[in-house]
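Fold and geometry: a report
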Amino acid sequence: SVVLWSIARPLLSQRSADAASALAEVLERTLSALGAVGETDASWRLHLTMELARCLEMAGRGKEAAAMLAKDASPLAADAPPRLKLQLCALQARLLAEDSAAIGKLQ
């Protein structure tokens, strides 16, 4: 997963919807594999989960990204460093802000 990230990171900086869509599939499989082998580094898994959400957002799948974060990120965030928790909150807020239905639910 570390090698994958070293390859994926520069591709994400291009902000291409096609690249983001392809990387989302790879990140989904990687996260599934990390879960299957019992990867214990929750911070690393949270980081990759947040990157998956960013890929989904860039690919035009923001609602899916928000739902995935709500389901998968919370358990991983429990032991994450404060910096990562703040990044997660900012990402969730941005994704929710783009969804007017979700904003209505918050009010």
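Everything discussed here concerns the structure shown above.
Below is a short write-up of the structure. Keep in mind that what you see is a predicted model, and the values were worked out from it rather than measured.

A look at the overall build of the chain
Across its full length, the chain carries six helices and zero strands. Helices and strands appear in the chain in the N-to-C order α-α-α-α-α-α. Projected onto its principal axes, the C-alpha positions of the chain cover 40 × 35 × 25 Å. In the chain, buried positions account for 36% of the 107 residues. Sequence-distant contacts in the chain: of pairs separated by 6 or more residues, those separated by 24 or more amount to 60%. Per element, the accessible surface of the chain, about 6200 Å² overall, is 57% carbon and sulfur. Of the side-chain charges in the chain, 12 are positive and 12 negative, and the distance between the mean point of each set is 3 Å.

Considerations on the nonpolar core
Nonpolar side chains in soluble globular proteins generally cluster together in the buried interior. Membership of the largest hydrophobic core comes to 30 residues, with the highest contact counts inside it found for Leu46 and Leu69. Counting only elements with at least two residues in this core, the list comes to α1 (2–12), α2 (17–36), α3 (42–58), α4 (62–77) and α5 (82–97). For this core, the element with the highest residue contribution is α3, accounting for nine residues.

A closer look at the pattern of salt bridges
Considering all chains together, one arrives at four salt bridges under this definition. Of the charged contacts, one joins glutamate 51 and arginine 54 as a salt bridge, the two residues approaching to 2.7 Å between their closest N and O atoms. Placement of the pair is glutamate 51 and arginine 54 together in helix α3, with a separation of three residues, close to one helical turn. Taking relative accessible area as the criterion, glutamate 51 reaches 10% and is therefore assigned buried. Salt-bridge contacts for lysine 71 lead to aspartate 72; the nearest nitrogen and oxygen are separated by 3.1 Å. Relative accessible area serves as the criterion here: at 29%, aspartate 72 is assigned to the partly exposed category.

Side note on the packing of α1 against α3
For any two helices packed against each other, one specifies the crossing angle of their axes together with the interaxial distance. Closest axis-to-axis distance for the α1/α3 pair is 12 Å, and the angle between their directions is 30°. Taken together, the axes of α1 and α3 lie roughly parallel to each other. Here α1 runs over α3; the crossing is left-handed. On the side of α1, the interface is formed by Val2, Trp5 and Leu12, while α3 contributes Trp44, His47, Leu48, Glu51, Cys55 and Met58. Counted by class, the contact of α1 with α3 contains seven nonpolar, one polar and one charged residues.

Rules used in this analysis
- Residues numbered from 1 in each chain as written.
- Predicted model: local features only at pLDDT ≥ 70, side-chain atom pairs only at ≥ 80, totals over all residues.
- Heavy atoms only, no water.
- Helix = DSSP H or I, 4+ residues; strand = E, 2+ residues; numbered from the N terminus.
- Buried < 20%, exposed > 50% of the residue type's maximum accessible area, 1.4 Å probe, protein only.
- Contact = heavy atoms within 4.5 Å.
- Areas by Shrake-Rupley, 256 points an atom, 1.4 Å probe, with all protein chains shown as cover.
- Lys, Arg positive; Asp, Glu negative; His and termini not counted.
- Charge placed at Lys NZ, Arg CZ, Asp CG, Glu CD.
- Core = buried A, V, L, I, M, F, W, Y, C linked by side-chain atoms within 4.5 Å.
- Salt bridge = Lys/Arg side-chain N within 4 Å of Asp/Glu carboxyl O.
- Axes fitted to C-alpha atoms, helices over the stretch in contact; angles between N-to-C directions.
- Parallel < 35°, antiparallel > 145°, perpendicular 65-115°, else oblique.
- Left-handed = near helix turned anticlockwise from the far one by under 90°.
- Nonpolar A, V, L, I, M, F, W, Y, C, P; charged D, E, K, R; others polar.

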